[in-house]
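# Breakdown of the fold
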Amino acid sequence: MTAPTTSAPTAGAPTAGSDATTAGAAAEAPRALYVYGITPAGVDTPRSPGVDGAPVRLLTESALCAAVSSAPARLRPRRRDLLAHQAVLDELAAQGPLLPMRFAVLSPRPDALASQLRADAAHLKQQLDDVRGCVEFNVKGSVVPGHFADLVRRDEGLRALALRTRRRPDYEGNVRLGEALARGVRREAGRAAGDVLDRLAPLAVRTVRGQTDDEQVLSASFLLRAADEERFRQAVDELARTCGDRLAISLTGPLPCYSFVDPGPAPDGR
C-alpha cells in the first residue's frame with residue numbers, strides 16, 4: 001500500500017519571525033495523526049492506549065478504517081511507545097485482516113489521510129484480502145563457528161592446507177588456514193540457509209528475503225495461513241536440529257504482516 005503521507009513531529013519554540021497571530025493559527029490547525037494500521041470498516045476501536053498514552057480512534061473512509069491517535073509533540077522510539085504501538089496492532093489483528101504501519105508513521109491532517117484512503121481504496125482492499133487469515137513469521141540464521149574438524153574432513157583443499165601448515169608451521173600459514181576455515185564455515189552456513197529456504201518457502205503463501213551479511217546469512221519473512229502455523233513451526237524445529245552444526249536458526253512470530261504491505265504508486269504531490 002501507499003503509506004500515509006509522513007512528516008516528523010516538531011517540538012520547541014516557534015521559529016524566528018513568528019508572532020502571536022501565527023502561533024494562534026498553528027494552535028487551531030488540525031493536529032497531525034499517528035497512524036497504526038489500516039483495516040476493513042466495522043472493527044471495534046482498540047481499548048489499549050496509543051503512543052504517548054493518547055486514546056486511539058478510527059478514521060473511516062471508503063469502507064476502510066485507519067486506526068490513529070494524535071501525534072505527540074516529540075516522537076521517539078521509547079520502549080513504552082513501541083509496546084503501545086504493538087498492543088494496538090494486536091487488538092486490530094485479532095479482529096481480522098490488517099495492514100500494519102511501522103512505528104512513527106504520521107499523516108499531517110485527518111482530511112489528508114481520508115483523501116489517501118479514498119484514492120488508494122482498491123489497492124488497500126486487495127491487500128487486505130491477500131493477508132486475510134494470515135500471519136507473518138520471520139526466520140533468521142547465523143553462522144555457527146567451530147565445526148572445523150568436520151569441515152576439514154569433507155574439503156580436500158582445506159585438508160591439504162591444514163596438513164601443510166602442520167608440517168611447516170609459521171605465522172602466515174596459520175593466517176591463511178584460519179581465513180580458509182572461516183570462508184568454509186560461511187560457505188557451509190550459506191548452503192544450509194539455502195536448504196532452509198527451499199524447505200520452508202513451499203509452506204508459505206509468500207516469502208520475502210531480508211538483508212544478510214557475513215554472519216547472518218539467512219533472513220526471510222513468511223506469510224502463512226493461520227492453519228499452517230503448527231506445520232511451519234515443526235519444520236523449523238526439524239531444520240534447527242539437522243542444520244544446527246552449521247546454522248543457528250531463530251524463529252519470531254506470529255507477527256502483523258509488516259513485510260507484506262506492498263507500497264503502491266503515490267499520488268501526485270506526495
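This text follows the structure it describes.
Residues numbered from 1 in each chain as written. Predicted model: local features only at pLDDT ≥ 70, side-chain atom pairs only at ≥ 80, totals over all residues. Heavy atoms only, no water.

### Comments concerning the overall build of the chain
What counts is decided by this rule: Starting at the N terminus, helices and strands are each numbered in turn, a helix being any DSSP run of H or I of at least four residues and a strand any DSSP run of E of at least two. Two residues form a contact once any of their heavy atoms are found within 4.5 Å. Residue-level accessible areas treat just the shown protein chains as cover; the underlying method is Shrake-Rupley with a 1.4 Å probe.
A count of helices and strands for the chain gives eight helices and nine strands. A separation threshold of at least 6 residues defines the contact pool for the chain, and within that pool the share at least 24 residues apart is 77%. Carbon and sulfur atoms form 51% of the exposed surface of the chain, whose accessible area is close to 14800 Å².

### Here we look at helix α8 (residues 229-242)
In an α-helix, one full turn covers 3.6 residues, which means residues spaced three or four apart are oriented alike. Threshold: Expected span, for any helix, means 1.5 Å times one less than how many residues it has. Think of it in three bands: residues with accessible area under 20% of the maximum for their type are buried, residues over 50% are exposed, and the middle band is partly exposed, with areas taken using a 1.4 Å probe on protein chains only. Directions drawn from the helix axis to the C-beta atoms are what define this arc.
The end-to-end C-alpha distance of α8 is 20 Å, a good match for the 20 Å that 14 residues give at a rise of 1.5 Å each. Buried within α8 are the following residues: Phe-232, Ala-235, Val-236 and Leu-239. Angular distribution of buried residues about the axis of α8 spans 100°; they occupy a single face of the element.

### Observations regarding the packing of aromatic side chains
Which entries qualify depends on this criterion: Within 6.5 Å between ring centres, the rings of Phe, Tyr and Trp (the latter by its six-membered ring) count as paired, and their orientation is classed by plane angle as stacked under 30 degrees, edge-to-face over 60, tilted in between.
Within this structure, the stated rule accounts for four aromatic pairs. Geometrically, the ring pair formed by Tyr-34 and Tyr-36 is tilted, given 4.7 Å between the ring centres and 50° between the ring planes. With respect to burial, Tyr-34 and Tyr-36 carry one shared label: buried. Among the aromatic residues, ring-to-ring pairing joins Tyr-34, Tyr-36 and Phe-103 into one connected group.

### With respect to the environment of Gln-216
Its location among the elements puts Gln-216 in strand β8 (residues 216-225). Residue Gln-216 is classed as partly exposed on the basis of its relative accessible area, which comes to 23%. Sequence spacing of Gln-216 and Ala-189 is 27 residues, and the spatial spacing of their C-alpha atoms is 9.2 Å. Excluding residues within four positions of it along the chain, Gln-216 makes contact with Lys-140, Gly-141, Ser-142 and Gln-211.

### Thoughts on helix α2 (residues 79-93)
For α2, which comprises 15 residues, the first-to-last C-alpha distance of 21 Å matches the rise-based estimate of 21 Å (1.5 Å per residue) to within 8%. Buried within α2 are the following residues: Asp-81, Ala-84, His-85, Val-88, Leu-89 and Leu-92. One side of α2 carries all its buried residues, which in axial view fall inside an arc of 130°. Residues Arg-79 and Arg-80 are exposed on α2 and point more than 90 degrees away from its buried face. Taken together, the buried residues of α2 touch β1 (33-40), β3 (64-70) and β4 (99-100).

### Considering the nonpolar core
What counts is decided by this rule: The term nonpolar core refers to a set of buried residues drawn from Ala, Val, Leu, Ile, Met, Phe, Trp, Tyr and Cys, joined through side-chain atoms within 4.5 Å.
Residues Val-139, Val-196, Leu-200, Leu-218, Phe-222, Phe-232 and Leu-247 are the most contacted members of the largest nonpolar core, which totals 25 residues. Those elements giving two or more residues to this core turn out to be β6 (134-143), α7 (171-200), β8, α8 and β9 (247-255). If one sorts the elements of this core by residue count, α7 sits on top with seven residues. Once residues within four sequence positions are removed from consideration, Val-139 is found in contact with Leu-200, Leu-218, Ser-219, Ala-220, Phe-222, Phe-232, Val-236, Ile-249, Ser-250 and Leu-251. Grouped together as the second largest cluster of nonpolar side chains are 22 residues, Val-68, Leu-113, Leu-124 and Cys-257 included.

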